[in-house]
Amino acid sequence: MKQQIIRCSHIEKDLAGLLRGLSYDGLFLLTDENTHQHCLPLIQSIPEIQSAKIISIPAGDENKNVESLSKVWKFLSENGANRKSLLINLGGGMLTDLGGFAAATFKRGIRFINIPTTLLGAVDAAVGGKTGINFTGLKNEIGAFAPALAVLIDSNFLQTLDLTNLLSGYAEMLKHALLCGRDAINGVSTRDSLNELLRFDLERIDYRKLNDLLFESVLVKERIVTEDPTEQGIRKALNLGHTFGHAFESLSYELKRPVPHGYAVAWGLVCELFLSVVKFGFTIDELRKVSQFVKENYGVFAFDCTHYQRIYEWMQHDKKNESASINFTLLKAVGEIEINQTANQEEIDETLDFYREYFT
Ligand code: GLY
């Protein structure tokens, strides 16, 4: 099922219009403590929302767990939700992942709408049907593919975000731009997204422009997900930057210096572009431009060669691997994707040497 992606010009009007065109029996709204306070007021004037049953869960990835999920199931059950009910998820990636999974599993599945309130949520988590929770310390260990009925993207929410949160989502936009090149998307020719993103001024944000770039980026993901909803092939392209990225993220938690997901992805992109240079002749000039942008905006995650083995072990445990080898998505050029690539430990160590030399 293809999900509807709605670029909102006015969230209240767009959501009210969407709800009026749907038939459902019972409207439920899931928030966390932050979106309840800061985002709910932006849609509260809609009569349907005023009569919706609202459930709130604690914010933060550490609460993307079976306890919060059970709280949502219980609330739906105790408040008379049935198979024709509709759930609206208002929040960042943690909330849309958990809410989507609650909806996908309640009475074998009810419909849901995502309203992402973070850049990371809008550009990645809320779109594409991956839902789930963390379990036994493993991220997204339990989940299901279940597309939202609609995803409403409103850049007004972005104006409430701090720079760290924006940068976290921006890394996924860089990834999408690296994957799409200068192709036409859905018949509409795109601009040179990568260079536009690399030139974008993150210190004085032009939100109108960010909104254009965001929507273009979402279309890249949508195009890939439509072609391969359950990640049998080309959807693996979306893992670019994530093999090193997830290992850095895990190491950062182990070293008690946690970094946001998107920062780890930004450093992961640099590493995987370096591997792309080594293995596929990706141009050094593009590697240099992206690395410079990442260094200037994301700083550095510092580690030394005593951590290499641990990074390698995290990569071996990545759920993207299908056999004993570590799976990478690499690029021949911007927009020329090579999925299902592998690298040996020596190549991985060489990449980490490059990272440390460049960033420190
Ligand atoms: N975040 C990668 C994907 O949705 O496939």
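Note: the structure precedes this text.
In short, a report on the structure.

**Concerning the side chain of Ser68**
- Within the element layout of this structure, Ser68 appears in helix α4 (residues 66–78).
- Among the polar contacts made by the side chain of Ser68, one reaches the main-chain carbonyl oxygen of Asn63 at a distance of 2.5 Å.
- Not counting residues up to four positions away in its chain, the partners in contact with Ser68 are Ile57, Pro58, Asn63 and Leu98.

**Topic: the pairing of strand β7 (residues 138–145)**
- Judged from the five bridges that link them, strand β6 (residues 130–135) and β7 form a sheet pairing that is antiparallel. Counted as the bridge partner of Phe135 is Leu138 from β7.
- Connecting β6 to the next strand, β7, in antiparallel fashion are two residues, including Thr136 with a positive phi near 45 degrees.

**Brief notes about the packing of helix α10 (residues 242–254) against helix α11 (residues 261–280)**
- Packing of α10 against α11 brings their axes to within 7 Å, and their N-to-C directions diverge by 135 degrees. Between α10 and α11, the interaxial angle falls into the category oblique. Seen along the crossing, α10 lies across α11 with a hand that is right-handed. Residues His242, Thr243, Phe244, Gly245, His246, Phe248 and Glu249 of α10 form the contact with α11, whose own contacting residues are His261, Ala264, Val265, Trp267, Gly268, Cys271, Glu272 and Leu275.

**Considering the site of the ligand**
- Looking at the ligand, the residues that line it are Asp124, Lys130, Lys221, Glu231, Arg235 and Leu238.
- At 3.0 Å from a nitrogen atom of the ligand is found a side-chain nitrogen or oxygen belonging to Asp124.
- Within the contact set of the ligand, an oxygen atom lies 2.9 Å away from a side-chain nitrogen or oxygen of Lys130.
- Coverage of the ligand by the protein chains reaches 88% of its 200 Å² of free accessible surface.
- The residue inventory of the shell around the ligand, partitioned by class, reads one nonpolar, no polar and five charged.

**Topic: unusual backbone geometry**
- Here Arg108, not a glycine, exhibits a phi torsion of approximately 65 degrees, which is positive.
- When you line up the elements, Arg108 lands in the loop between α5 (93–105) and β5 (111–116).
- Here Arg108 falls in the exposed class, since its relative accessible area comes to 74%.
- Located in the positive-phi region is Glu231, a residue other than glycine, with phi close to 60 degrees.
- Locating Glu231 in the fold gives a position in the loop between α9 (207–227) and α10.
- Owing to a relative accessible area of 19%, Glu231 belongs among the buried residues under this scheme.

What counts and how
Residues numbered from 1 in each chain as written. Predicted model: local features only at pLDDT ≥ 70, side-chain atom pairs only at ≥ 80, totals over all residues. Heavy atoms only, no water. Helix = DSSP H or I, 4+ residues; strand = E, 2+ residues; numbered from the N terminus. Polar contact = N/O pair within 3.5 Å; in protein donor to acceptor, adjacent residues only side chain to side chain. Contact = heavy atoms within 4.5 Å. Pairing = 2+ DSSP bridges. Axes fitted to C-alpha atoms, helices over the stretch in contact; angles between N-to-C directions. Parallel < 35°, antiparallel > 145°, perpendicular 65-115°, else oblique. Left-handed = near helix turned anticlockwise from the far one by under 90°. Near = heavy atom within 4 Å. Areas by Shrake-Rupley, 256 points an atom, 1.4 Å probe, with all protein chains shown as cover. Nonpolar A, V, L, I, M, F, W, Y, C, P; charged D, E, K, R; others polar. Buried < 20%, exposed > 50% of the residue type's maximum accessible area, 1.4 Å probe, protein only.

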